[in-house]
Amino acid sequence: MMSGAAALDVRGLTKRYDRPAVDALDLTVRAGEFYALVGPNGAGKTTTLRMVAGLLRPDAGSVSIFGIDALGASAAAKQVTAWVSDEPMIYDKLTPLEYLEFVAGLWGIAPSVAKASAHHLLTSLGLGPHLDQRCEGFSKGMRQKVALAGALVHDPRLIILDEPLTGLDAVSARHVKGLLGERVRNGDTVIMTTHILEVAERMADRIGVIAAGRLVAEGTLTELRQQNGRADQSLEELFIALVDVEAAAA
Amino acid sequence: MTSATAISWFARHELRLAWREGLAMLTGGRRRRTRTAVIGILLFAAFLHLPAWAVIGRFAELRAPLDPPSLIIVTASIFLAWALILSQAIESVTRVFYARADLDLIMSSPTRLAEIFSVRLAAIALSVTTMALLFATPFVDVLVITGGARWLAAFGVVIAAGLSAAAIAIAITIMLFRLIGPARTRLMAQILAAIIGAGFVIALQIAAILSYGTLSRFAILTSDAATALAPDAASILWWPARAAIGDTTTLLPLLSASLLLLGGVMAIFSARFADTATTASAYAVARPRGSRTRAFRRGSRQQALRRKEFILLGRDPWLISQTLMQLFYLVPPALLLWRSFADSTAALVLVTPVIVMAAGQLAGGLAWLTISGEDAADLVASAPLSPSQVIRAKIEVVLITISVIFAPLLAALVLTEPWQAAITACGVIVAAGSATSIQLWFRVQASRRHFRRRQTSSRLATFAEAFCSIGWAATAVLALTVPVAAVICGLITAAIFAASWKLSPRRE
């Protein structure tokens, strides 16, 4: 379903703490693409995505979402973007339906549309029996699914997920992957960080490998194999080889 | 590991946890602050001797045998302190039950759970008693310094009060679990703690207002009616008072009785502790809330934010108990107000500082919950709203809530004393505005669950908020009585407010 136009265009993105967390990063994700960003702990994946989602101000660089300058016109960029972190951002004292009503209100979605969408999303994620129970008694997986439904209720064109499968059981992970696959087939763009390389290998159209705040390799699995000169390697072997090379260079 | 070794090992573990939790409460979780926190506490404890001297210094010369009014006042004061300790103990016990932390680990270990949990109950009693001793020390110090070493026995009374309060708190909480279940116990326990803490003073004030038209609780305690109703001097009711002034024949039985009470509660309830705590931590809120058929509501993005805040505030057990307590404290002034419809009294002026102070304190708590206690900060930050729109919506929630709570009192005041109502309204607005602004300037991202630690995250903000509430309350009452002094007091409070802005990390 890729259209070829850029859903996300990042140029020279930089963020420093005591050392560069993201170092003049260039990244382009095409519309309708499932893009997996992988890298070792502390590589700068989350920092990059938080800057893209407008949660963190970059020190330098530009972020463009569907042609909208996300740093200059942040509200317009956020209107078409959703962010899901590995720690579910939900309210213990709200029910899933109330939570989705709140999110839809924040994004200014018509109540009738939002309600139908909320029911569909929650039910398809297996939360149908829990629609009117407060989230305080929910497991980590259920909370993550509520957060994901909240991210999708405003029908975003760009969905950014930071380790969305952390803590999910096999059935829940399958629900989430199914829902994300459906979104990509419908033309939405998904950018996801993950440590589960099999997921990236199986689901992503393209994979970006990030290390020390820089993109060290990018492409389809086949392209990555070609770049590394080993046609039979798994993504895990490629990843370790790329990261080792980068660590040695550093 | 033998039984005795296991108990002593677990006791050390509990003490270490209690110490670190206490330290974290004082330092806001920053280890480097420990020395500063200790110095601050020592200075604060030294400072507390001044108000302690003002409050209790006049009792230092009391000697046995006490006359009936003195017995009544000392006994009532001890009972008041005990009620406050009990209130704190209920809060502590509830917190232990709902803190899952190590429960799975302990219950999966091959130890005798009844013994282990009896240590945990003893640890609760120890921490409650230690806190009581810490707060009582300045008062007892004043009595010892000015009245002699015989007052050291008052420490024994405090220990007895701490142990007995902890025992009763444990029993009350576990019985609440049995009676109303874990889902309601947390809220009920907090409300109960608030009512017990404030109830005795307020009951005395109400009796004083109804009988003498004054807010002073001493009016009722020193009345002839109270003396006539009091039992004779040999009664067991006076044992705490007699023990406090150095009568060891009553102190030793008191200490023994409180230890026996605690031992009995531990023997009865330690075996049930595991069940209760497991149920509390694992309870699933399975009861449906709201309705699936209800339509999603229309409105702007800011309205969605405000609605969410109102729902969360309405479902916050801490806030409900605190608001009830604030409202509870407003009962005596409201009663005074009601009485003054028929009989105008100068005491009515005391209503103003109570209302202004309550508004400031409540606004500070509300502002923390709405501004700092945002559990889904990333979600709100990733929404298509500017930060200023988010903050504005949250501030509106605080101010609307304060208006709803205090408007009825102000409306009643308008009917009796319009000028006083105007001054009080100004005081409420300024106090609520100050407390909200301070919370805004010192905001830090936190979970609502950490509300109890809000005062340790910035001590400066805590003191600024408290001093501003007190300052505006004093300014308002002085505006009604000594306008020139009100100007000075107002300027000092404004200076504190400005200084807190200057020192704040976010000057917006």
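Computed from a predicted structure; not experimentally measured.

The rules behind each value
- Residues numbered from 1 in each chain as written.
- Chains lettered and ligands numbered in written order.
- Predicted model: local features only at pLDDT ≥ 70, side-chain atom pairs only at ≥ 80, totals over all residues.
- Helix = DSSP H or I, 4+ residues; strand = E, 2+ residues; numbered from the N terminus.
- Buried ≥ 20, exposed ≤ 12 C-beta atoms within 10 Å, placed from the backbone.
- Contact = placed C-beta atoms within 7 Å.
- Pairing = 2+ DSSP bridges.
- Axes fitted to C-alpha atoms, helices over the stretch in contact; angles between N-to-C directions.
- Core = buried A, V, L, I, M, F, W, Y, C linked by C-beta atoms within 7 Å.
- Expected span 1.5 Å × (residues − 1).
- Arc of directions from axis to C-beta.
- Right-handed = clockwise from strand over helix to strand, strands pointing away.
- pLDDT = per-residue confidence, 0-100.
- Parallel < 35°, antiparallel > 145°, perpendicular 65-115°, else oblique.
- Left-handed = near helix turned anticlockwise from the far one by under 90°.
- Nonpolar A, V, L, I, M, F, W, Y, C, P; charged D, E, K, R; others polar.
- Bend = angle between axes of the 7 residues up to and from the residue.

(A) Geometry of the overall build of chain B. The helix and strand tally for chain B stands at 20 helices and 0 strands. Taken across its 508 residues, chain B has 41% of its residues classed as buried. Taking the intrachain contacts of chain B between residues at least 6 apart in sequence as the baseline, contacts between residues at least 24 apart amount to 81%.

(B) Spotlight on the overall build of chain A. When you go through chain A residue by residue, the secondary structure sums to 9 helices and 10 strands. Relative to its 250 residues, chain A shows a buried fraction of 51%. Contacts in chain A between residues far apart in sequence, at least 24 positions, make up 71% of those at least 6 positions apart.

(C) Local environment of the sheet that holds strand β1 (residues 6–16) of chain A. Residues and elements named next belong to chain A. Strand order across the open sheet formed by 4 strands is β2-β1-β4-β5, with antiparallel pairing between neighbours. Each end of this open sheet is capped by a strand with a single partner; those strands are β2 (20–30) and β5 (68–69). As judged from the 2 bridges shared by strand β4 (residues 60–65) and β5, these two strands associate in the antiparallel manner. Looking across to β5, one finds that S64 is bridged to D69. The sheet contacts of helix α1 (residues 45–52) involve β1, β2 and β4, and relative to β1 the element is tilted by about 120°.

(D) Structural context of the interface of chain A and chain B. The partner chain B presents 31 residues to the 35 residues of chain A that form the contact. Secondary structure elements with two or more residues in the side of chain A that touches chain B: α2 (74–79), α3 (96–106) and α4 (111–124) of chain A. Among the elements that take part in the side of chain A that touches chain B, α3(A) stands out by supplying 8 residues, more than any other.

(E) Spatial organisation of the sheet that holds strand β7 (residues 158–162) of chain A. Residue and element names in this part refer to chain A. Read across the sheet, 6 strands follow the order β6-β7-β8-β3-β9-β10 without closing on themselves; strand pairing throughout is mixed. Because the sheet does not close on itself, it has two edges, and the strands there are β6 (81–84) and β10 (214–219). Strand-to-strand twist in this sheet, taken as the mean axis angle between neighbours without regard to direction, amounts to 15°. With 5 bridges connecting them, β7 and strand β8 (residues 189–193) associate as parallel partners.

(F) Up close: the nonpolar core. In terms of nonpolar packing, the biggest core is built from 144 residues, with A:I160, B:A359, B:A363 and B:A431 touching the most fellow members. Sort the elements by how many residues they give to this core and helix α14 (residues 351–372) of chain B lands first, with 14 residues. Once you skip the residues sitting within four places of it in the chain, B:A431 turns out to touch B:V356, B:A359, B:G360, B:A363, B:C468, B:S469, B:W472 and B:A473. If you look at the next biggest cluster of nonpolar residues, it comprises 65 residues, including B:A52, B:A153, B:V158 and B:L254.

(G) Examining unusual backbone geometry more closely. Residues and elements named next belong to chain A. Non-glycine residue D155 carries a positive phi angle of around 55°. Residues other than glycine seldom take positive phi values, yet A212 does so here, at roughly 50°. Looking at the secondary structure, you find A212 in the loop between β9 (206–211) and β10. Residue class for A212 comes out buried when judged on the 20 C-beta atoms lying within 10 Å of it.

(H) Inspection of helix α6 (residues 170–185) of chain A at higher detail. Residues and elements named next belong to chain A. Between its first and last C-alpha, α6 extends 22 Å over 16 residues, near the 22 Å set by a 1.5 Å rise per residue. Of all the positions in α6, only S172, V176, L180, R183 and V184 are classed as buried. The buried residues of α6 occupy an angular sector of 110° when the element is viewed end-on, so they sit on one face. Across from the buried face of α6, at angles greater than 90 degrees, the exposed residues are A170, V171, G178, E182 and R185. Contacts from the buried residues of α6 go to β3 (34–38), α5 (140–152), β7 and β8. Where α6 terminates, the next one or two residues include G187, which has phi positive at roughly 105°.

(I) Region of interest: the pairing of β8(A). Residue and element names in this part refer to chain A. Within β8, 5 of the 5 residues are buried, which leaves it mostly tucked inside the rest of the structure. Side chains T189, I191 and T193 of β8 all project onto a buried face; the interleaved residues V190 and M192 project onto the opposite face, where all are buried too. Sheet analysis places β3 next to β8, joined by 4 bridges and oriented parallel. Among the inter-strand pairings, Y35 is bridged to a residue of β8, identified as I191. Note that the unit made of β7, α6 and β8 has a crossover that is right-handed.

(J) Molecular detail of the pairing of β7(A). Residues and elements named next belong to chain A. Of all 5 residues making up β7, 5 are buried, and the element is well covered by its neighbours. Both faces of β7 are covered, namely the face carrying L158, I160 and D162 and the face carrying I159 and L161. Where β6 meets β7, 4 bridges bridge the pair, whose relative direction is parallel. Residue pairing for β7: T81 is matched across the bridge by L158.

(K) Expanded view of the confidence of the model for chain B. Residue and element names in this part refer to chain B. In this model, chain B carries a mean pLDDT of 80, and residues with pLDDT of at least 70 account for 79%. Summarising per-element confidence for chain B, the mean pLDDT is lowest in helix α18 (residues 454–457) (60) and highest in helix α17 (residues 418–441) (93). Our summary of model confidence lists the complex with pTM equal to 0.69 and ipTM equal to 0.79.

(L) Broad picture of the packing of α3(A) against helix α12 (residues 301–314) of chain B. Contact pair α3(A) / α12(B): the axes reach a minimum separation of 7 Å and the direction vectors enclose 150°. The angle between α3(A) and α12(B) places the two elements in the roughly antiparallel class. Relative to α12(B), the crossing made by α3(A) is left-handed. From α3(A), A:E98, A:F102, A:G105 and A:L106 reach across to α12(B), where they touch B:R301, B:Q303, B:A304, B:L305, B:K308 and B:I311. The class makeup of the residues in the contact of α3(A) with α12(B) is 5 nonpolar, 2 polar and 3 charged.

(M) Quick peek at the environment of B:L152. Turning to its location among the elements, B:L152 is positioned in the loop between α5 (113–147) and α6 (153–180). B:L152 sits 93 residues away from B:I245 along the chain, and the two C-alpha atoms are 8.2 Å apart.

(N) Expanded view of helix α16 (residues 387–416) of chain B. Residues and elements named next belong to chain B. Taking 1.5 Å per residue as the helical rise, α16 with its 30 residues ought to reach 44 Å, and the 43 Å between its terminal C-alpha atoms agrees with that figure. Helix geometry: α16 is bent most strongly at F406, by close to 40°, with proline P408 lying one to four residues after it. Every buried residue belonging to α16 is among V390, A393, K394, I395, V397, V398, T401, I402, I405, F406, L409 and L413, and all of these are buried.

(O) Structural view of the environment of B:V140. Residue and element names in this part refer to chain B. With respect to the helices, strands and loops of the structure, V140 is situated in helix α5. Taking the C-alpha atoms as reference points, V140 and F155, separated by 15 residues in sequence, lie 7.1 Å from one another. Once you skip the residues sitting within four places of it in the chain, V140 turns out to touch W151, A154 and F155.

(P) Here's a closer look at the environment of A:H119. Note on placement: A:H119 falls in helix α4. With 23 residues separating them along the chain, A:H119 and A:P96 place their C-alpha atoms 9.6 Å apart.

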